[in-house]
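# Remarks on the overall topology
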Amino acid sequence: MSILKRFTDIMSANMNALLDKCEDPSKMVDQILRNLNEDLGKVKAETAAVMAEEIRSKRELAECTQEVNKLLTYAKRAVEAGNDDDARLFLSKKATLVEKQQTLEQKVQMASENARKMRQMHDKLVSEINDLNTRRETIKAKVAAANMQSRLNEIGSSVGAAKTNLGAFARMEEKANRMLDEANAMADLNASPVDEVESLMSKYDAPSSAVEDELAALKGGSSSVIDDELAALKNELN
């Protein structure tokens with residue numbers, strides 16, 4: 001039967017391989033369970049049909065067996081009554097029913113085997129679905145944890161990049177300071193050296209502000225005072 005092969009294939013499918021191929025396992029397991037529940041509905045319907053066939057075959061066999069036994073009983077009664085011809089008719093009819101009985105026994109045997117296999121697959125599929133329902137939450141929890149870890153990894157990469165940029169900024173700041181120091185040093189080296197002797201001579205070339213102040217004061221005073229101040233100044237210079 002094709003239905004038997006189909007659901008044998010379902011039970012032998014590798015769920016882990018399906019999960020590996022999908023992009024989102026949490027969504028895929030939901031789809032797998034929906035598909036399996038649809039398949040389970042078909043299995044139930046087919047199992048019920050096979051089991052009904054078994055029951056029908058057993059009923060037909062029971063009715064045939066009952067008729068065989070009934071004809072045998074009548075054949076015995078005919079023999080007891082001395083009616084061999086009637087007994088032969090009963091036994092002839094019984095022989096035909098015995099052939100049918102043997103066919104029905106084979107039919108019952110096949111129907112019972114099919115029903116056993118279908119019930120076994122049905123029960124196994126139900127058990128697998130129940131197990132997957134339990135594992136589904138675990139799978140979803142693992143996917144959620146994996147997604148969170150991936151986000152943390154991305155954040156960690158961003159933090160690492162930020163540290164790299166901060167380090168680069170510090171290096172550029174240090175380089176700028178070094179460039180400024182080198183430029184200042186070069187400016188000092190390029191400047192003309194100061195001649196200390198010339199600098200000292202310029203000190204004496206310039207008129208003393210104190211002397212200028214004294215002269216201004218002398219010009220503003222009386223002649224006698226000027227003469228006295230001038231005499232004192234000459235004495236001081238000699």
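Source: prediction; values computed, not measured.

Here we take up the overall build of the protein. Scanning the protein from N- to C-terminus turns up seven helices and zero strands. Secondary structure elements in the protein, listed N-terminal to C-terminal, are α-α-α-α-α-α-α. Taking all 238 residues of the protein together, 18% fall into the buried category. Sequence-distant contacts in the protein: of pairs separated by 6 or more residues, those separated by 24 or more amount to 78%.

Here the focus is the packing of aromatic side chains. Enumeration according to the criterion identifies one aromatic pair in this entry. Where Tyr-74 meets Phe-90, the ring centres are 5.5 Å apart and the plane angle is 35°; that geometry is what we call tilted. Of this pair, Tyr-74 sits in helix H3 (residues 25–80) while Phe-90 sits in helix H4 (residues 84–190), and the two are 16 residues apart along the sequence. Judged by relative accessible area, Tyr-74 falls into the partly exposed class, the value being 35%. Taking NZ or CZ as reference, Arg-77 lies 5.3 Å from the ring centre of Tyr-74, over its face.

Residues Met-148, Leu-152 and Ile-155 make up a contiguous nonpolar surface patch of about 280 Å² in total accessible area. Within the secondary structure, Ile-155 sits in helix H4.

On inspection of all chains with the given rule, the structure shows eight salt bridges. One salt bridge connects Lys-107 with Glu-60, and the closest N-O pair in it is separated by 3.6 Å. Within this pair, whereas Lys-107 is found in helix H4, its partner Glu-60 is found in helix H3, the two being separated by 47 residues in sequence. According to the relative accessible area criterion, Lys-107 is partly exposed, its value standing at 32%. One salt bridge connects Glu-113 with Arg-116, and the closest N-O pair in it is separated by 2.5 Å. Here Arg-116 and Glu-113 lie together in helix H4, a separation of three residues that amounts to about one turn. For Glu-113, a relative accessible area of 33% translates into the label partly exposed. In this structure Arg-116 comes out as partly exposed when scored by relative accessible area, which is 43%. Three or more residues are tied together by salt bridges with common partners; here these are Glu-53, Arg-56, Glu-60 and Lys-107.

Turning our eyes to something else, we now look at the confidence of the model for the protein. For the protein, per-residue confidence averages 77 on the pLDDT scale, and 70% of positions sit at 70 or higher. The least confident element of the protein, judged by mean pLDDT, is helix H2 (residues 15–21) at 54; the most confident is H3 at 88.

Turning our attention to the side chain of Gln-101. Residue placement: Gln-101 occurs in helix H4. Contacts of Gln-101, omitting those with residues within four sequence positions, involve Leu-61, Cys-64, Thr-65 and Val-68.

A few words now on the nonpolar core. With eight residues, the main nonpolar core is built from Ile-32, Leu-33, Leu-36, Leu-40, Val-43, Leu-125, Ile-129 and Leu-132. Broken down by secondary-structure element, the contributors of at least two residues to this core are H3 and H4. Considering every element that reaches this core, the biggest residue donor is H3, with five residues. Residues in contact with Ile-129, not counting those within four places in the same chain, are Leu-33, Leu-36, Asn-37 and Leu-40. Core analysis: the next-biggest nonpolar cluster, separate from the first, contains seven residues, Leu-61, Leu-71, Leu-104 and Val-108 among them.

This part covers H3. Compared with an ideal rise of 1.5 Å per residue, which puts 56 residues at 82 Å, H3 spans 80 Å between its outermost C-alpha atoms and is within 8% of the ideal. Note on H3: the residue one or two positions beyond its end, Gly-82, has a positive phi of about 80°.

Counting through the fold element by element, Ser-112 comes out in helix H4. With a relative accessible area of 21%, Ser-112 lands in the partly exposed category. Distance in space between the C-alpha atoms of Ser-112 and Ile-55 is 8.6 Å, their sequence separation being 57 residues. Reaching out from Ser-112, the side chain makes a polar contact with the side chain of Glu-54 at a distance of 2.9 Å.

Thresholds applied
Residues numbered from 1 in each chain as written. Predicted model: local features only at pLDDT ≥ 70, side-chain atom pairs only at ≥ 80, totals over all residues. Heavy atoms only, no water. Helix = DSSP H or I, 4+ residues; strand = E, 2+ residues; numbered from the N terminus. Buried < 20%, exposed > 50% of the residue type's maximum accessible area, 1.4 Å probe, protein only. Contact = heavy atoms within 4.5 Å. Phe/Tyr/Trp six-rings, centres within 6.5 Å; stacked < 30°, edge-to-face > 60°. Lys NZ or Arg CZ within 6 Å of the ring centre and 35° of its normal. Patch = residues over 30% accessible without salt bridge, like charges linked within 9 Å, V, L, I, M, F, W, Y side chains within 5 Å. Areas by Shrake-Rupley, 256 points an atom, 1.4 Å probe, with all protein chains shown as cover. Salt bridge = Lys/Arg side-chain N within 4 Å of Asp/Glu carboxyl O. pLDDT = per-residue confidence, 0-100. Core = buried A, V, L, I, M, F, W, Y, C linked by side-chain atoms within 4.5 Å. Expected span 1.5 Å × (residues − 1). Polar contact = N/O pair within 3.5 Å; in protein donor to acceptor, adjacent residues only side chain to side chain.

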